[in-house]
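Descriptive structure summary
Here are the chains, one letter per residue:
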Amino acid sequence: MADFSSKVVYQIYPKSFMDSNGDGLGDLRGIIRKLDYLRDLGVDYLWLTPVFVSPQNDNGYDVADYCSIDPRFGTMEDMEELIREGEKRGLGLMLDMVFNHTSTEHEWFQKALAGDEKYQNYYIFKEGTPDKLPTNWQSKFGGPAWEYVPSLGKWYLHLFDVTQADLNWDNPEVRDELKKVIFFWKDKGVKGFRFDVVNLISKPAVFEDDYEGDGRRFYSDGPHVHEYLKELTRDTGIEDMITVGEMSSTTLDNCIRYSAPQEKEMSMCFSFHHLKVDYKDGDKWRLMEPDRMALKKLFEKWQTGMQEGHGWNALFWCNHDQPRVVSRLGDESKYWKESAEMLAASIHLMRGTPYIYQGEEIGMTNAHYTSISQYRDVESLNYYKILLDQGKTEEEALAVLAARSRDNSRTPMQWSGEENAGFSEGRPWLEVTSNYKEINAQAQTEDGESVYSFYKRLVSLRKEKNVISKGSIEFLEKENEDVLAYRRAYEDEELIVLNNLTGKEVTVPAESAWAGYHKLLGNYDGGAEIKEGITLRPFETIALEK
Ligand code: TEU
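Residues numbered from 1 in each chain as written. Predicted model: local features only at pLDDT ≥ 70, side-chain atom pairs only at ≥ 80, totals over all residues. Heavy atoms only, no water.

Our focus in this paragraph is the overall build of the protein chain. Along the protein chain, the regular secondary structure elements total 16 helices and 24 strands. On C-alpha atoms alone, the protein chain measures out to a radius of gyration of 23 Å, which is about the 24 Å that the 2.2 N^0.38 rule sets for 546 residues. Once the C-alpha set of the protein chain is aligned to its principal axes, its extents read approximately 75 × 55 × 50 Å. Expressed as a percentage of the 546 residues in the protein chain, the buried residues total 63%. In the protein chain, of all internal contacts separated by at least 6 residues, the share reaching a separation of at least 24 is 70%. For the protein chain, the exposed area adds up to about 20300 Å²; of that, 47% sits on carbon and sulfur atoms. Computing the positive centroid from 65 side-chain charges and the negative centroid from 94, the protein chain places the two 2 Å apart. (Helix = DSSP H or I, 4+ residues; strand = E, 2+ residues; numbered from the N terminus. Rg over C-alpha atoms; globule rule 2.2 N^0.38 Å. Buried < 20%, exposed > 50% of the residue type's maximum accessible area, 1.4 Å probe, protein only. Contact = heavy atoms within 4.5 Å. Areas by Shrake-Rupley, 256 points an atom, 1.4 Å probe, with all protein chains shown as cover. Lys, Arg positive; Asp, Glu negative; His and termini not counted. Charge placed at Lys NZ, Arg CZ, Asp CG, Glu CD.)

Structural remark: α-helix, 3.6 residues per turn; residues separated by three or four positions point the same way. For helix H12 (residues 336–348), spanning 13 residues, the distance from its first C-alpha to its last is 18 Å, which sits close to the expected 18 Å at 1.5 Å a residue. Where burial is concerned, most of H12 is hidden: 12 out of the 13 residues are buried. Buried residues of H12: Trp 336, Glu 338, Ser 339, Ala 340, Glu 341, Met 342, Leu 343, Ala 344, Ala 345, Ser 346, Ile 347 and His 348, and no others. (Expected span 1.5 Å × (residues − 1).)

What surrounds the ligand is a group of 17 residues, the closest being Asp 58, Lys 284, Asp 321, Glu 379 and Arg 406. The separation between an oxygen atom of the ligand and a polar side-chain atom of Lys 284 is 2.6 Å. A distance of 2.5 Å separates an oxygen atom of the ligand from a polar side-chain atom of Asp 321. Alone, the ligand offers 480 Å² of accessible surface; in the complex the protein occludes 90% of this. In a pocket analysis with a 2 Å cut-off to the grid points, the ligand is assigned to the largest pocket. Of the residues that constitute the shell around the ligand, the class distribution is four nonpolar, four polar and nine charged. (Near = heavy atom within 4 Å. Polar contact = N/O pair within 3.5 Å; in protein donor to acceptor, adjacent residues only side chain to side chain. 1 Å grid on protein atoms, 1.4 Å probe; cavity = no way out; pocket = protein on both sides within 12 Å on 5 of 7 lines; lining within 4 Å. Sits in = over half its atoms within 2 Å of the grid points. Nonpolar A, V, L, I, M, F, W, Y, C, P; charged D, E, K, R; others polar.)

The next point concerns the nonpolar core. Judged by nonpolar contacts, the single largest core of 150 residues is most densely connected at Tyr 10, Met 79, Trp 185 and Tyr 355. Of all hydrophobic cores here, the second largest spans 16 residues; its members include Trp 146, Tyr 148, Leu 200 and Val 378. (Core = buried A, V, L, I, M, F, W, Y, C linked by side-chain atoms within 4.5 Å.)

The next thing to look at is the sheet that holds strand S22 (residues 518–522). Across the sheet, which stays open at both edges, the five strands sit in the order S18-S19-S20-S24-S22 with antiparallel pairing between neighbours. In the strand order of this sheet, the two ends are held by strand S18 (472–476) and S22, each with one partner. Here the strands of the sheet are splayed against their neighbours by 20 degrees on average, with no regard to which way each runs. Relative to strand S24 (residues 541–545), S22 runs antiparallel, the two being bridged by four bridges. Pairing of Leu 521 across the sheet is with Ala 543, part of S24. (Pairing = 2+ DSSP bridges. Axes fitted to C-alpha atoms, helices over the stretch in contact; angles between N-to-C directions.)

So, about empty space enclosed by the protein. Tallied over the full model, the rule gives two cavities of 30 Å³ or more. If you add up the space inside the largest cavity, you get close to 150 Å³. Along the walls of the largest cavity sit 13 residues, with Ser 271, His 274, Phe 299, Trp 302 and Asn 313 positioned nearest its centre. Classifying every residue of the lining of the largest cavity gives eight nonpolar, five polar and no charged. Considering the residues around the second largest cavity, the lining is formed by Cys 318, Arg 324, Val 325, Val 326, Ala 340, Leu 343, Ala 344, Glu 360, Gly 363, Met 364 and Tyr 455. Residue assignment for the lining of the second largest cavity shows that the elements contributing at least two residues are helix H11 (325–328) and H12. When residues in the lining of the second largest cavity are grouped by element, the largest group, three residues, is from H12. Looking at the lining of the second largest cavity residue by residue, the class counts come to eight nonpolar, one polar and two charged. (Points joined across faces, edges and corners; volume = space filled by probe spheres on them.)

This next bit is on the layout of surface pockets. Taken as a whole, the largest pocket encloses approximately 820 Å³ of empty space. Lining the largest pocket we find 37 residues, and of these Lys 140, Arg 216, Tyr 279, Lys 284 and Glu 379 sit closest to its centre. Among the elements of the structure, strand S15 (283–287) and helix H13 (378–389) are those that each provide at least two residues to the lining of the largest pocket. Partitioning the lining of the largest pocket into residue classes produces 11 nonpolar, 12 polar and 14 charged. In this model, the second largest pocket occupies a volume close to 470 Å³. Looking at which element gives the most residues to the lining of the second largest pocket, the answer is helix H14 (residues 394–404), with three residues.

Okay, structure coming up:
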């Protein structure tokens with residue numbers, strides 16, 4: 001397995017990145033137009049969320065043909081040009097493989113519905129009657145995880161939307177079909193793959209009701225998942241490409257096995273525990289203030305745990321499923337710039353491979369929608385109804401969506417202060433966030449003090465400094481819930497990273513040696529005053545280099 005410790009990945013949600021033809025939808029030619037912007041940021045790979053043929057019930061994560069480009073996004077020729085033009089700029093493409101399920105409009109599922117038993121065995125069908133669900137499992141998008149097909153007298157499993165039917169990975173024919181997809185895109189010159197909810201692919205031999213939860217404990221990190229990932233990586237020869245597994249409701253031990261080089265499964269893992277510290281009782285749809293101590297403990301567990309197990313973390317705050325981190329853990333108003341930069345440094349200087357989600361590099365915020373008519377995400381629309389059914393008022397339900405909806409991260413990229421933030425000359429498919437005149441790329445790329453320039457510096461430091469890309473990590477100030485602090489060390493190099501997670505001034509004890517260290521990076525002017533301790537200003541981040 002290759003070493004991606006000095007690399008940085010930029011995630012593009014094509015539907016919202018750049019629209020080249022004025023239909024209000026982002027497309028591949030729009031991405032081609034912005035490749036110089038991405039090259040200048042200094043990133044190495046571009047992860048595109050799915051642009052394959054899809055009915056778009058889950059914005060492309062319901063794939064109907066893995067080897068064809070959905071006309072909404074462009075043509076195969078556009079994709080081939082994007083791959084070529086990206087290569088010219090040192091940008092490798094990483095495509096998103098949604099292998100846990102297909103769209104019910106996929107040819108395979110249509111043949112299954114028509115009664116073809118070969119293709120029924122591509123999915124998880126269970127004989128039954130309409131009055132008795134095979135199990136009481138719940139879909140992650142709300143409602144039961146099974147759908148009854150009267151014409152077949154069978155139920156099929158869908159852990160996500162009803163139009164996303166789970167594939168049967170125990171069937172070697174399915175595994176072979178998916179290997180062909182990898183070969184197809186490898187041959188096109190793609191340099192990496194993200195595997196969507198790939199730790200859910202191995203279902204249990206016996207399906208049983210879950211009286212403790214929603215069923216995820218039976219199918220997450222399932223019985224054959226490691227075997228299947230080893231087989232996929234081995235048989236497609238992708239062990240030296242950058243591969244990242246999205247691991248839903250996973251464990252540290254499994255993520256060590258998924259990403260330790262000697263296992264030859266994935267290069268790295270996305271895990272999400274650090275993004276649930278504001279879920280009341282673990283429920284995304286019940287709000288609470290972020291638990292900063294829990295956040296610190298989770299970072300310590302996963303950073304030191306993966307270090308000891310030789311695993312490798314993907315480092316991220318944002319993606320197309322998560323609210324914008326500056327709104328969630330920072331301060332959008334008084335300390336917008338400082339908190340956006342502190343949050344960036346807090347993970348970019350850790351051990352792992354950082355991911356920047358489109359717009360994060362300019363401090364884009366949540367959408368602040370005020371009406372259900374503004375939302376498009378299937379998960380959000382389902383849970384809005386569920387919240388009302390639970391007795392929440394419309395205002396309460398909208399407040400939950402404003403904080404938690406995936407649409408918060410899917411608003412059009414804010415390129416400029418022009419109409420539609422320069423994203424489209426047509427009406428955007430999703431409303432632009434109203435602060436685009438203040439927060440946009442054009443206003444920041446030439447400003448050496450901007451959030452964009454701070455991210456650019458973080459990316460370049462990872463390439464310059466072995467202590468960042470290869471160094472060990474040890475956490476400091478473990479019991480101080482206001483500060484996320486750690487030491488990185490590599491040979492005779494040392495870096496002390498101090499992050500004030502709050503909007504108040506905090507002082508941390510300083511080791512005497514730090515007085516001789518120099519400030520490598522910070523989001524405030526001036527040096528670090530080191531007396532008995534270091535006083536950190538609101539949302540201040542400081543990196544002290546030996
Ligand atoms: O997400 C998996 C996943 O678990 C998320 O849906 C997450 O649980 C949820 O958004 C948090 O509330 C992947 C993709 O990233 C997501 O966009 C897809 O909707 C999902 O899989 C199904 O393919």
